[in-house]
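# Tertiary structure, described
Listed below are the residues making up each chain.
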Amino acid sequence: MLAACFGRPRAENQGMSERVEPADSPASTHDALLGLRGSITARVGLIAFALILPFSVYHVTSGRYSLAAVDLLAAVLFGGNAWSLMARGRPLVPYIVLATSILAAVVASVHFIGAPPLYWAFPASMYFYMVLPRRQAHLFCLLLVAGSALIGYFQFGGPTSLRFVGSAGLMLVLLNVVLGVIGELQQQLVTQSVTDPLTGAFNRRDLQAALQRLTSAKAPRRAVLLLFDIDHFKAVNDRHGHAVGDQVLRDVVALAQSCVRGTDRLFRVGGEEFVLVLDGITVDAAMHVAEELRQRIEQAPLLDDQPVTVSLGVSPLVAGFDPDRWLHSADSAMYEAKREGRNCVRVAL
């Protein structure tokens, strides 16, 4: 129904539970370590600097100057990035440059020394997954294992190279399984932190973040808040019991979820109070949406002996509004609807 108000079809089975994440969020990219990348790089950088620098000195004393230069470059990059992240909060060089230096150092070490540097491929692979997006980490690990194994084949024979490929491949499989589990657990935690457990609508905590994004946007945004409250809900609980009342809440949310656009988001902000955030819409269109929603809930057979109704307040986003002021405006409009007999829509003036 509401899709018709906006003049475009809605997707089948589209509901509020299909959360649209920011493009750089872990949930949208399936990158469980996205938010921890700076902290990981800083700590690992300090450790790597302390471990790699002595190898550079050792290679100089052994006459392997090219390898010493590669190790020294890697140590400087690690140490410089660690310092920059701790002092300024941003890396000195891109993470992909660090990963490239590690890849070059390990492969070059295999070429100049032989089999012993193959052991460095294992921590290097883990580091790739810590600092790079998953697909880039796959590519770097593939290049590392293939390059080291190919050089190793000509340096010390096929059996050692095959054993290295097998063990490295198994390690990468296990590493990806662990990261996958971490990502799933992280997604569950994110969902629990922003979702009302009873109704499946978003919660008040997530509402504050959504309103902050809209009110703080540099370019003017056309958006409307639709705040509604179930009329006489306490009487429903008193007469039918809390189990029935909970089901009414779920049914009301389901009615709203079944007819919203992908950009519209429903939040539960109180016991029987909800907020619908409509982005990219005029006040007239929002009033049409509110009236359609009111009628849809009133006509639904949610209780056997009486209709369930809602009172709705509509408030457009006005220049200078912060989240609290915008919510207060919608709340005032809703209470105006309550004072005028309930089961109606009022717009903030």
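Residues numbered from 1 in each chain as written. Predicted model: local features only at pLDDT ≥ 70, side-chain atom pairs only at ≥ 80, totals over all residues. Heavy atoms only, no water.

### Quick notes on the environment of Gly 79
The cut-off we apply is this: Only runs of H or I of at least four residues qualify as helices and only runs of E of at least two qualify as strands under DSSP, and these elements are numbered from the N terminus. Think of it in three bands: with a 1.4 Å probe and only protein chains considered, a residue is buried below 20% of the maximum accessible area for its type, exposed above 50%, and partly exposed in between. When checking whether two residues touch, look at their non-hydrogen atoms; a contact exists if any pair is within 4.5 Å.
As for its placement among the helices and strands, Gly 79 is situated in helix 4 (residues 65-88). Judged by its relative accessible area of 17%, Gly 79 is buried. Each C-alpha atom, one on Gly 79 and one on Ile 47, is 8.6 Å from the other, the two residues being 32 residues apart in sequence. If sequence neighbours within four positions are ignored, Gly 79 has contacts with Gly 45 and Phe 49.

### Considerations on the confidence of the model for the protein chain
Inclusion rule: For every residue, the predictor states its confidence as a pLDDT score lying anywhere from 0 to 100.
Of all residues in the protein chain, 90% have pLDDT values of 70 or greater, and the mean over the chain is 85. Throughout residues 1-29 the model reports pLDDT below 50, and contacts reaching past four residues in sequence, or to other chains, amount to 54 contacts.

### Describing the side chain of Ser 315
The following threshold applies: N or O atoms within 3.5 Å of each other form a polar contact, as long as, within protein, one can give a hydrogen and the other can take it, and as long as residues adjacent in sequence are counted only when both atoms are side-chain atoms.
If you trace the backbone, Ser 315 turns up in strand 4 (residues 310-316). Of note is the side chain of Ser 315, whose polar atom sits 2.8 Å from the side chain of Ser 329. Apart from residues lying up to four places away in sequence, Ser 315 is in contact with Val 224, Leu 225, Phe 321, Trp 326, Ser 329, Ala 330 and Ala 348.

### Focus on the sheet that holds strand 3 (residues 273-279)
This is how it is decided: The pairing criterion is simple: DSSP has to find at least two bridges between the two strands. Here, axes are lines fitted to C-alpha atoms. For helices the fit covers the stretch in contact, and angles between N-to-C directions go from 0 to 180 degrees.
The five strands are arranged 2-3-1-4-5 in an open sheet whose pairing can be described as mixed. Whereas interior strands pair on both sides, the edge strands pair on one side only; in this sheet they are strand 2 (265-268) and strand 5 (345-347). Put simply, the sheet's adjacent strands are angled 20° from each other on average, direction ignored. With seven bridges connecting them, strand 1 (residues 223-230) and strand 3 associate as antiparallel partners.

### Describing the nonpolar core
As a reminder of what qualifies: To qualify as a nonpolar core, a set must consist of buried Ala, Val, Leu, Ile, Met, Phe, Trp, Tyr and Cys residues joined through side-chain atoms within 4.5 Å.
With 37 residues, the main nonpolar core has Phe 128, Leu 132 and Leu 144 as its most contacted residues. Going through the elements one at a time, helix 3 (37-61), helix 4, helix 5 (95-113), helix 6 (121-131), helix 7 (134-156) and helix 8 (158-194) are the ones with two or more residues in this core. Of the residues forming this core, the biggest block, eight residues, is contributed by helix 5. In contact with Leu 144, other than residues within four places in its own chain, are Leu 103, Val 106, Val 107, Ala 121, Ala 124, Ser 125 and Phe 128. Within the second largest apolar cluster, 32 residues are counted, among which are Ile 230, Ala 256, Leu 276 and Leu 278.

### Looking at the pattern of salt bridges
Defined as follows: By convention in these notes, a salt bridge is any Lys or Arg side-chain nitrogen within 4 Å of a carboxyl oxygen on Asp or Glu.
Per the stated rule, a full pass over the model turns up 12 salt bridges. Ionic pairing is found between Asp 196 and Arg 268, a salt bridge with its closest N-O pair at 3.2 Å. In this pair, Asp 196 sits in the loop between helix 8 and helix 9 (204-215) while Arg 268 sits in strand 2, placing the two residues 72 residues apart along the sequence. For Asp 196, a relative accessible area of 11% puts it in the buried group. Classification of Arg 268 by relative accessible area gives buried; the value is 17%. Where salt bridges share partners, they join Asp 229, Asp 231 and Lys 338 into one cluster.

### Points about unusual backbone geometry
Despite not being glycine, Arg 342 shows a phi value in the positive range, around 70°. Using a relative accessible area of 33% as the deciding quantity, one classes Arg 342 as partly exposed.

### Things to note about the packing of aromatic side chains
Note the following rule: Here is the rule: rings of Phe, Tyr and Trp (six-membered ring for Trp) pair when centre to centre is within 6.5 Å. Planes less than 30 degrees apart are stacked, more than 60 are edge-to-face, and the remainder are tilted. Whether a charge sits over a ring depends on NZ of Lys or CZ of Arg being within 6 Å of the ring centre and within 35 degrees of the ring normal.
Counted under the stated rule, the structure contains seven aromatic pairs. On the basis of an interplanar angle of 70° and a centroid distance of 5.3 Å, the ring pair of Phe 78 and Tyr 127 is categorised as edge-to-face. You can see Phe 78 sitting in helix 4 and its partner Tyr 127 sitting in helix 6, a full 49 residues away along the chain. Under the relative-accessibility criterion, Phe 78 is labelled buried at 4%. We note Arg 265 situated over the ring of Phe 202; from NZ or CZ to the ring centre the distance is 4.7 Å.

### As for the environment of Leu 142
By secondary structure assignment, the location of Leu 142 is in helix 7. Considering only alpha carbons, one finds Leu 142 and Ala 168, 26 residues apart in sequence, at a separation of 9.9 Å.

### Quick look at helix 3
Within an α-helix, residues lying three or four positions from one another point in the same direction, as the helix has 3.6 residues per turn. Spelled out, the test is: Multiplying one less than the number of residues by 1.5 Å gives the expected span of a helix.
Compared with the 36 Å implied by 1.5 Å per residue over 25 residues, the 35 Å span of helix 3 between its first and last C-alpha is a close match. For helix 3, every residue scored as buried is listed here: Arg 37, Ile 40, Thr 41, Ala 42, Gly 45, Ala 48, Ile 52, Ser 56 and His 59. Next to the buried residues of helix 3 lie helix 4, helix 5 and helix 6. Downstream of helix 3 by one or two residues, Gly 63 has phi in the positive range, about 85°.

### A word on the packing of helix 3 against helix 4
For any two helices packed against each other, one specifies the inter-axial angle together with the distance between the axes. Just so we agree on the cut-off: The scheme is simple: roughly parallel for angles under 35 degrees, roughly antiparallel for over 145, roughly perpendicular for 65 to 115, oblique for anything else. We call a crossing left-handed when the near helix sits turned anticlockwise from the far one by less than a right angle, and right-handed when that turn is clockwise. Under this grouping Gly is polar, as are all residues other than the nonpolar Ala, Val, Leu, Ile, Met, Phe, Trp, Tyr, Cys and Pro and the charged Asp, Glu, Lys and Arg.
At a minimum axis distance of 7 Å, the contact between helix 3 and helix 4 shows a crossing angle of 155°. The orientation of helix 3 with respect to helix 4, classified from their angle, is roughly antiparallel. Read as a crossing pair, helix 3 and helix 4 show a hand that is left-handed. Partitioned by chemical class, the residues of the contact of helix 3 with helix 4 number 19 nonpolar, seven polar and one charged.

### A word on the side chain of Arg 294
Within the secondary structure layout, Arg 294 lies in helix 12 (residues 283-299). There is a polar contact of 2.5 Å between the side chain of Arg 294 and the side chain of Glu 291. With residues up to four places along the chain from it excluded, the contact list for Arg 294 reads Val 310, Leu 312, Asn 343, Cys 344 and Val 345.

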